[in-house]
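Chain by chain, the residues run as shown.
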Amino acid sequence: MSARRIVISGKVQGVWYRAWTVSEANKRGLKGWVRNLSSGQVEALFAGPVTRIEEMVDLCRKGPPLARVSGIDSFDAEEPDESGFHQWPDA
């Protein structure tokens, strides 16, 4: 098991990015969360097998149809205590 925290920049709020992320992460059996940041970015934490995390990060580079991703910053992270993948309130 591994964990990555990513911050996605671009047109990523108001385009169903968080709901899309929850759906895609759950399809891959990942644990973690996603939330909007006050900066206009989206932040997510993915935990699970490395290959599935990498696949999810690659998907996030494009995002849902209305999103326009301009960049992703990725950081090592601690595995979350909660099970499942959740949408958190805005930060």
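Rules used throughout
- Residues numbered from 1 in each chain as written.
- Predicted model: local features only at pLDDT ≥ 70, side-chain atom pairs only at ≥ 80, totals over all residues.
- Heavy atoms only, no water.
- Salt bridge = Lys/Arg side-chain N within 4 Å of Asp/Glu carboxyl O.
- Buried < 20%, exposed > 50% of the residue type's maximum accessible area, 1.4 Å probe, protein only.
- Helix = DSSP H or I, 4+ residues; strand = E, 2+ residues; numbered from the N terminus.
- UniProt positions renumbered as here; feature names shortened; annotations may be inferred.
- Contact = heavy atoms within 4.5 Å.
- Polar contact = N/O pair within 3.5 Å; in protein donor to acceptor, adjacent residues only side chain to side chain.
- Core = buried A, V, L, I, M, F, W, Y, C linked by side-chain atoms within 4.5 Å.
- Pairing = 2+ DSSP bridges.
- Axes fitted to C-alpha atoms, helices over the stretch in contact; angles between N-to-C directions.

## As for the pattern of salt bridges
Argument step 1. Per the counting criterion, the structure on display carries 9 salt bridges.
Argument step 2. The salt bridge involving E24 is made with R28; its shortest N-O contact spans 2.8 Å. Like R28, E24 is buried.
Argument step 3. One salt bridge connects E55 with R28, and the closest N-O pair in it is separated by 2.9 Å. Placement of E55 in helix α2 (residues 50-60) and of R28 in the loop between α1 (17-27) and β2 (31-36) is noted, with a sequence separation of 27 residues between them.
Argument step 4. The network of salt bridges with common partners includes E24, K27, R28 and E55.

## Considerations on the UniProt feature "domain: Acylphosphatase-like" (unreviewed entry) in the chain
Argument step 1. UniProt tags residues 3-89 as "domain: Acylphosphatase-like" (unreviewed entry).
Argument step 2. Spanning residues 3-89, this segment combines 25% helix with 39% strand, and its end C-alpha atoms are found 20 Å apart.

## Notes on the UniProt feature "active site" (unreviewed entry) in the chain
Argument step 1. The positions that UniProt labels "active site" (unreviewed entry) are, in the present scheme, R18 and N36. A compact arrangement is adopted by the annotated residues: their sequence extent is 19 residues, whereas the largest C-alpha distance between any two is 7.7 Å.
Argument step 2. Inspection of the secondary structure puts R18 in helix α1.
Argument step 3. In this structure, R18 is in contact with V34, R35, N36, V42, Q87, W88 and D90, ignoring residues within four places of it in sequence.
Argument step 4. Tracing the sequence through the fold places N36 in strand β2.
Argument step 5. Assessed through its relative accessible area of 7%, N36 is described here as buried.
Argument step 6. The contacts of N36, once residues within four sequence positions are left out, are Q13, R18, Q41, V42, D90 and A91.
Argument step 7. Within polar-contact distance, the side chain of N36 engages the side chain of R18 at 3.4 Å.

## Some points on unusual backbone geometry
What you tend to see is this: most non-glycine residues have negative phi, and most peptide bonds are trans.
Argument step 1. Unlike most non-glycine residues, W16 shows phi in positive territory, near 70°.
Argument step 2. With relative accessibility at 67%, the residue W16 sits in the exposed group.

## So, the nonpolar core
Argument step 1. Counting 20 residues, the largest nonpolar core has I6, I8, Y17, F46, M56 and C60 as its most contacted members.
Argument step 2. Elements represented by at least two residues in this core include exactly β1 (2-11), α1, β3 (42-48) and α2.

## Side note on the sheet that holds β1
Argument step 1. Taking strand neighbours across the sheet as the criterion, the 5 strands line up as β4-β1-β3-β2-β5 in an open arrangement whose pairing is mixed. If you trace the sheet from one side to the other, it starts and ends with β4 (68-76) and β5 (85-87), each paired once. Each adjacent strand pair in this sheet contributes to an overall mean axis angle of 15°, direction not counted.
Argument step 2. When β1 meets β4, the two strands line up antiparallel, connected through 8 bridges. Residue pairing in the sheet places V7 in a bridge with D73 of β4.
Argument step 3. Contacting β1, β2, β3, β4 and β5, α1 runs over the sheet at an angle of about 170° to β5.

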